[in-house]
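# Observations on chain architecture
So the chains spell out like this:
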Amino acid sequence: PQLPPPPPAAFASGAVPMPSSAAPSADETRHAAARDSLPSRTKDGHATGGAEDPHRPPPHALPSRLDDEARGASATLPRRLDAALVKLCPGRRRQELRAAIGEGRVSVDGLSDGLLPTTTVRPFCRIALDGIIVHERRAYYVLLNKPAGVVSATRDAAAVCAVDILARSGQPTDSSTQAADLVAWRGELCIAGRLDRWTTGLLLLTNDGRFARRVTDGGGSVEKEYRVATRLPIDDLGAAVAAFAGGLYLPDNQRTCRPAKLSQVAGVAGEGADRTYLVTLCEGKRHQVKCMVNAVSGGANRVVALHRSRVGGLVLDE
């Protein structure tokens, strides 16, 4: 199944274009903003790295540069047009604004005919009153190749976050990168499907709460593909493939996974060729791939490198 496409939007450097669909409702965006404001998101984002491994390289030393103003989420709109105008036009009475709607002085995305005070407005729209734009918000979708050591979070006092490396140029950041070199709208973004701190690969960031929930809570319809390197070859690969396909029980998490796919990567040469696999999941639980490899090996094997290469129909460039 393909990842449901988002509406047309502005894309960050290096992001891939996606076709359009209906934009989210104001309530959905408000719920997403409330969810993103919970402290647990930051804690979860930092915790995704798990225990520090002394054999792994240190994190990227780039300091966090995103200030509080840049991180501030855009205000969400009420669902009704008249309520949205009251919020957007302080000092104007609701009755006056309703009259302006009826007189055709208000437009939504360039259209004024047929508008009513009860007309539903979406957060990613353009609203004008008497020819003056009072609200215009763009949706952003970023496909990032996350390096190791970067945290899948929007705020972390002790580590570099994914939003801290979104340069306007699309080029990798370093210690000389300044806040002015980063995209200005990074404070609006949330993570759509996190990765552990030391896992690399495809990470999606967006300010579209509906799209983010489709990625993370797609009911098993959105596949995530990972390239996995293990410390030892998997014994009895056929049995492991069957266990993955049948819904593997994870003793560590005391839960049963949805059916998943496991295969050995063909055409890999050199050291580690017999320890490189592809794992395809239809869910994304914390440390799931690592726990699955540990489960099929009876605790005798572990993941030493993990890279996400695909989410739905979005594939990371080689």
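Description of the structure in this document. (Residues numbered from 1 in each chain as written. Predicted model: local features only at pLDDT ≥ 70, side-chain atom pairs only at ≥ 80, totals over all residues. Heavy atoms only, no water.)

Another point: the overall build of the protein. Helix and strand counts for the protein stand at 8 helices and 14 strands. Burial statistics for the protein: of 318 residues in total, 45% are counted as buried. Taking the intrachain contacts of the protein between residues at least 6 apart in sequence as the baseline, contacts between residues at least 24 apart amount to 66%. Here the protein displays about 15,600 Å² of accessible surface, and carbon together with sulfur accounts for 52% of that area. (Helix = DSSP H or I, 4+ residues; strand = E, 2+ residues; numbered from the N terminus. Buried < 20%, exposed > 50% of the residue type's maximum accessible area, 1.4 Å probe, protein only. Contact = heavy atoms within 4.5 Å. Areas by Shrake-Rupley, 256 points an atom, 1.4 Å probe, with all protein chains shown as cover.)

Where strand β2 (residues 106-108) lies against strand β3 (residues 126-129), 3 bridges are found, and the strand directions are antiparallel. Of the residues in β3, the one forming a bridge with V108 is I127. By the bridge criterion, 4 bridges tie β3 to strand β4 (residues 132-136) in an arrangement that is antiparallel. When the bridges of β4 are listed, A128 appears paired with I133. Between the antiparallel neighbours β3 and β4 lie 2 residues, among them D130 with a positive phi of about 55 degrees. (Pairing = 2+ DSSP bridges.)

So, about the pattern of salt bridges. Across all of its chains, the model carries 12 salt bridges by this definition. Of the charged contacts, one joins K261 and E223 as a salt bridge, the two residues approaching to 3.4 Å between their closest N and O atoms. Taken together, the residues span a long stretch of sequence, with K261 in strand β11 (residues 261-264) and E223 in the loop between α6 (209-216) and β8 (224-230) at a distance of 38 residues. (Salt bridge = Lys/Arg side-chain N within 4 Å of Asp/Glu carboxyl O.)

Here the focus is the sheet that holds β3. Across the sheet, 3 strands lie side by side as β2-β3-β4; this open sheet has antiparallel pairing. Single-partner strands in this sheet number two, and they are β2 and β4. Each adjacent strand pair in this sheet contributes to an overall mean axis angle of 20 degrees, direction not counted. (Axes fitted to C-alpha atoms, helices over the stretch in contact; angles between N-to-C directions.)

This part covers the nonpolar core. By size, the foremost hydrophobic cluster in this structure holds 39 residues, and its most contacted members are L144, L189, L205, V289 and M292. Only β5 (140-146), β7 (200-206), β8, α7 (237-246), β12 (276-281), α8 (288-296) and β13 (303-311) provide two or more residues apiece to this core. If you tally residues by element for this core, the top one is α8, at 4 residues. In this structure V289 touches Y226, V228, V279, L281, V303 and L306, once residues within four positions along its chain are discounted. (Core = buried A, V, L, I, M, F, W, Y, C linked by side-chain atoms within 4.5 Å.)

This part covers the packing of aromatic side chains. Two numbers describe a pair of aromatic rings. These are the distance of the centres and the angle of the planes. Applying the stated rule across the entire model yields 2 aromatic pairs. On the numbers, 4.0 Å between centres and 10 degrees between planes, the contact of Y140 with W185 is stacked. Here Y140, found in strand β5, pairs with W185, found in the loop between β5 and β6 (190-192); they are 45 residues apart in sequence, far enough to count as distant. Residue Y140 is classed as buried on the basis of its relative accessible area of 10%. Judged by centre distance (5.1 Å) and plane angle (90 degrees), the rings of Y141 and F211 are edge-to-face. Of the two residues, Y141 is situated in strand β5 and F211 in helix α6; the sequence distance between them amounts to 70 residues. For Y141, a relative accessible area of 1% gives the class buried. The exposure class assigned to F211 is buried, which follows from its relative accessible area of 4%. (Phe/Tyr/Trp six-rings, centres within 6.5 Å; stacked < 30°, edge-to-face > 60°.)

None of this, on its own, says anything about what the molecule does.
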